[in-house]
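A look at the structure
Each chain, letter by letter, is given below.
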Amino acid sequence: MDTDTQVTEYQPSIGQRLADALAGAWFIVVFVTCCVICLICTVLVPGLARRQRAVNALTRVVFWLAGMGPRCDGIRNLPTGPCVMVANHASYLDGIVMTAVLPPRFSFVIKAEMNRIPLVGFVLRRIDSFFVDRSHAARSASSARQIIRAARAGRALGFFPEGTFTDEPGLRAFRKGAFAAAKAGKMPIVPVVINGTRHILPADRWLPRAGTIRVSLLAPIDAGTVAESSPEDLSAIARQRISARLAEPDLQA
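Being a predicted model, the structure only gives us computed values, none of them experimental.

What counts as what
- Residues numbered from 1 in each chain as written.
- Predicted model: local features only at pLDDT ≥ 70, side-chain atom pairs only at ≥ 80, totals over all residues.
- Heavy atoms only, no water.
- Pairing = 2+ DSSP bridges.
- Helix = DSSP H or I, 4+ residues; strand = E, 2+ residues; numbered from the N terminus.
- Buried < 20%, exposed > 50% of the residue type's maximum accessible area, 1.4 Å probe, protein only.
- Contact = heavy atoms within 4.5 Å.
- Salt bridge = Lys/Arg side-chain N within 4 Å of Asp/Glu carboxyl O.
- Core = buried A, V, L, I, M, F, W, Y, C linked by side-chain atoms within 4.5 Å.

This part takes up the pairing of strand 7 (residues 214-217). Direction of pairing for strand 1 (residues 71-73) relative to strand 7: parallel, over a ladder of three bridges. Across the sheet, the residue bridging to Arg71 is Arg214, located in strand 7. By the bridge criterion, four bridges tie strand 6 (residues 189-195) to strand 7 in an arrangement that is antiparallel. By the bridge assignment for strand 7, Val193 is matched with Ser216.

In structure tokens:
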């Protein structure tokens, strides 16, 4: 049975359902506790770099205590300087996972709806996240200009270029914002593959299952290639690399 079928036809036994329920309940306890500590840190800790380090450490604690990993390979592929990270998007866990895996210097580009969630938006703002409002053309353009300025200033940026996710397994079409930002900032692009989060917390569940998350940082698209290529070409290169390592189909193919 291929990985696709395992995701879409997951039929757990009674024992597995009980294990999933216990794992999910434990994750919620750990997550809520760390969120409270995180909120306190983002209020009281002075300095952006210190707040980012605190949130980075707390997200690692969440997954360590929950026994979900993440298992990470290819961390040496991450440039030491400014770069753009692009990853597939399958679950609400993805942003938390990448916050745990990447160095705290990264700022993430997130859909504007997250900024309107009480406390969540506050924490994200305090660690210098960027919000993109795609529902309004003028605000979307303003967000894009802000991100381009950050890229040109040499910021390390994290994107989920699919923009959203559903319960259907597969890699969706990429939006071009991440690749335009990388080109504007003349920065390498690091494709990242996240496996396991859709199984643990798919779009149609609120309680996580037991499972292990695996993250692979692939060889970067170097700055020279970025400078010579269009955002569309860069998107195609990143998609091909991610799709080759992702245990899900390419829905754009």
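The next point concerns the environment of Ile75. With respect to the element layout, Ile75 can be found in the loop between strand 1 and strand 2 (84-87). On the basis of relative accessible area, Ile75 is assigned to the partly exposed category, the value being 41%. For the pair Ile75 and Gly185, spaced 110 residues apart in sequence, the C-alpha to C-alpha distance is 22 Å. If near-sequence neighbours (up to four positions away) are discounted, Ile75 is found in contact with Val101 and Leu217.

We now examine helix 4 (residues 93-101). For helix 4, the buried fraction is high: seven of the nine residues fall into the buried class. Considered for burial, the residues of helix 4 that qualify are Leu93, Asp94, Val97, Met98, Thr99, Ala100 and Val101.

Let's shift gears to the pattern of salt bridges. Counted by the stated rule, this structure contains five salt bridges. Linking Arg155 and Asp128 is a salt bridge whose minimum nitrogen-to-oxygen distance equals 2.1 Å. In this pair, Arg155 is assigned in the loop between helix 6 (137-152) and strand 5 (157-159) and Asp128 in the loop between helix 5 (120-126) and strand 4 (130-132), connecting sequence segments 27 residues apart.

Tracing the chain through its elements places Thr42 in helix 2 (residues 14-44). Excluding residues that lie within four positions of it along the chain, Thr42 makes contacts with Arg51, Val55, Phe122, Val123, Arg126 and Ile127.

Here the focus is the nonpolar core. Residues Met98 and Val192 are the most contacted members of the largest nonpolar core, which totals 39 residues. Within the residue set of this core, elements represented by two or more residues are helix 2, helix 3 (48-66), strand 2, helix 4, strand 3 (107-111), helix 5, strand 6 and strand 7. Among the elements that make up this core, the one with the highest residue count is helix 3 (six residues). With residues up to four places along the chain from it excluded, the contact list for Val192 reads Met85, Val86, Ala87, Asn88, Met98, Val215, Ser216, Leu217 and Ile242. Ranked by size, the runner-up nonpolar core spans 27 residues in total, among them Ala151, Leu218, Ile221 and Leu234.

Shape is all these values report; function is a separate question.
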